[in-house]
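Listed below are the residues making up each chain.
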Amino acid sequence: MTATEPQTLDVAPADEFSTLLVGIQRLVRRRLRQTMDEPRLRGAQVELLRLVTETPGLRVSEAAEELCLAGNSVSTLVNQLVALGLLRRETDPADRRAALLHATPEAVERIEAWRRRRRALMEDVVAGLPADRREALAAALPALRQVAEGLRTLPAAPAAPGGPAAPAAPAAPAAPAGACGEEEP
């Protein structure tokens, strides 16, 4: 094979990888829900709360762009989270038509409590692995970050004939590692 020939990729590991990620996320959520007292939030609500917690003062339009959601969908999420006392809106002094979003102390604590419980759960599971498997997981982290970044920056696929258009890739800065696709505080 020369440098100009395309490489053939075995898709089985990629398929197993994506299946495992979904399964691990689902199992983590189920385990952590067992210890929750507060009502569950939907995935999009959690994504918005995490984003606002990490980027206080974000505009609704910026949140929509980062989450690849329509502005009216984010406005609906904002209204729901405001009603739950987890988010507050402030008028943007630079543009009185726009709102700046801030997580309430209750939301920040809820997100942090979820992260602490998730970290403890994963530490217990990983600690039960043999040393060579723990080392392999640690060695895989840079590649996993690169996969996440590749997905984040992948151009939007063209819409299938007669189907809905694919959402545009986010143009805002990437969310911190581990923030994508998480659910459930």
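In this text the structure is predicted, and so the values were computed from the model without any measurement.

(A) Broad picture of the pattern of salt bridges. Taken as a whole and assessed by the stated rule, the structure comprises six salt bridges. Note that Glu54 is salt-bridged to Arg115, the shortest N-O span being 2.6 Å. Here the residue Glu54 occupies a position in helix α2 (residues 43–54), and Arg115 occupies one in helix α5 (residues 105–127), the gap between them amounting to 61 residues. On the basis of relative accessibility, which here comes to 29%, the residue Glu54 falls in the partly exposed class.

(B) Just the nonpolar core, in detail. One finds Leu48, Leu49, Val74, Val78 and Leu87 to be the most contacted residues of the largest nonpolar core, which totals 21 residues. Listed by contribution, the elements that provide at least two residues to this core are α2, α3 (60–67), α4 (71–83), β3 (95–103) and α5. Here the element with the most residues in this core is α2; it accounts for five residues. Aside from chain neighbours lying at most four places away, what touches Leu49 is Leu41, Leu81, Leu86, Leu87, Ala107 and Ile111.

(C) Local environment of the pairing of strand β2 (residues 87–92). Where β2 meets β3, six bridges bridge the pair, whose relative direction is antiparallel. Along β3, the bridge assignment pairs Asp92 with Asp95. Turn length for the β2-β3 hairpin, with the two strands adjacent in sequence and antiparallel, is two residues.

(D) Quick look at the side chain of Thr53. Looking at where Thr53 falls in the secondary structure, it is placed in helix α2. A polar contact of 2.7 Å, which involves the side chain of Thr53, links it to the backbone oxygen of Leu49. Filtering out sequence-adjacent residues up to four positions away, Thr53 remains in contact with Ala103, Val108 and Ile111.

About the thresholds
- Residues numbered from 1 in each chain as written.
- Predicted model: local features only at pLDDT ≥ 70, side-chain atom pairs only at ≥ 80, totals over all residues.
- Heavy atoms only, no water.
- Salt bridge = Lys/Arg side-chain N within 4 Å of Asp/Glu carboxyl O.
- Helix = DSSP H or I, 4+ residues; strand = E, 2+ residues; numbered from the N terminus.
- Buried < 20%, exposed > 50% of the residue type's maximum accessible area, 1.4 Å probe, protein only.
- Core = buried A, V, L, I, M, F, W, Y, C linked by side-chain atoms within 4.5 Å.
- Contact = heavy atoms within 4.5 Å.
- Pairing = 2+ DSSP bridges.
- Polar contact = N/O pair within 3.5 Å; in protein donor to acceptor, adjacent residues only side chain to side chain.

Functional significance is not addressed by these values, which are geometric in nature.
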